[in-house]
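Here is how the chains run, residue by residue.
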Amino acid sequence: MNKSIKDKKNVTWYAMYRGDTFVDLGAADYLAEKYHKRKESLVYLSRPTAHRRAKKVEKDSYCIELKRTENE
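Residues numbered from 1 in each chain as written. Predicted model: local features only at pLDDT ≥ 70, side-chain atom pairs only at ≥ 80, totals over all residues. Heavy atoms only, no water.

### Quick notes on unusual backbone geometry
What counts here: Numbering goes from the N terminus for both helices and strands, where a helix is a DSSP run of H or I of at least four residues and a strand is a run of E of at least two.
Although it is not a glycine, His 36 adopts a positive phi angle of roughly 55 degrees. The topology assignment puts His 36 in the loop between helix H2 (28-35) and helix H3 (39-45).

### A closer look at the packing of aromatic side chains
The line we're drawing: A pair of aromatic rings is counted whenever rings of Phe, Tyr or Trp (Trp by its six-membered ring) have centres within 6.5 Å, and the orientation is called stacked for planes under 30 degrees apart, edge-to-face for over 60 and tilted otherwise. Three exposure classes are used, based on accessible area relative to the maximum for each residue type with a 1.4 Å probe and protein chains only: buried under 20%, partly exposed in between, and exposed over 50%.
The final tally for this structure, using the stated rule, is 1 aromatic pair. Judged by centre distance (5.6 Å) and plane angle (75 degrees), the ring pair of Tyr 17 and Phe 22 falls under edge-to-face. On the basis of relative accessibility, which here comes to 21%, the residue Tyr 17 falls in the partly exposed class. A relative accessible area of 46% means that Phe 22 is categorised as partly exposed.

### Thoughts on the confidence of the model for the chain
Detailed conclusions should not be drawn from predicted coordinates in areas where pLDDT is low. Our working rule: Scored from 0 to 100, pLDDT records how confident the predictor is in each individual residue.
Averaged over all residues, the pLDDT of the chain is 76; the fraction at 70 or higher stands at 71%. For the chain, the element scoring lowest by mean pLDDT is helix H1 (residues 3-6), at 52; H2 scores highest, at 90.

Shown next as structure tokens:
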């Protein structure tokens with residue numbers, strides 16, 4: 001696990017999808033670095049507005065916010 005994620009008390013996990021296909025799972029920092037996107041863009045993709053827009057375009061990417069967890 002990335003050191004920056006270990007240092008945070010609360011981490012929000014995101015599942016990233018392209019259309020109906022699962023792409024990856026991780027914190028916004030990890031996904032942003034791996035897929036060359038801004039963290040803010042990935043957080044936006046987890047919002048209901050982005051989900052509605054993704055339904056209109058079959059292969060559009062979107063994220064689902066899973067839950068917040070506490071690291072020990």
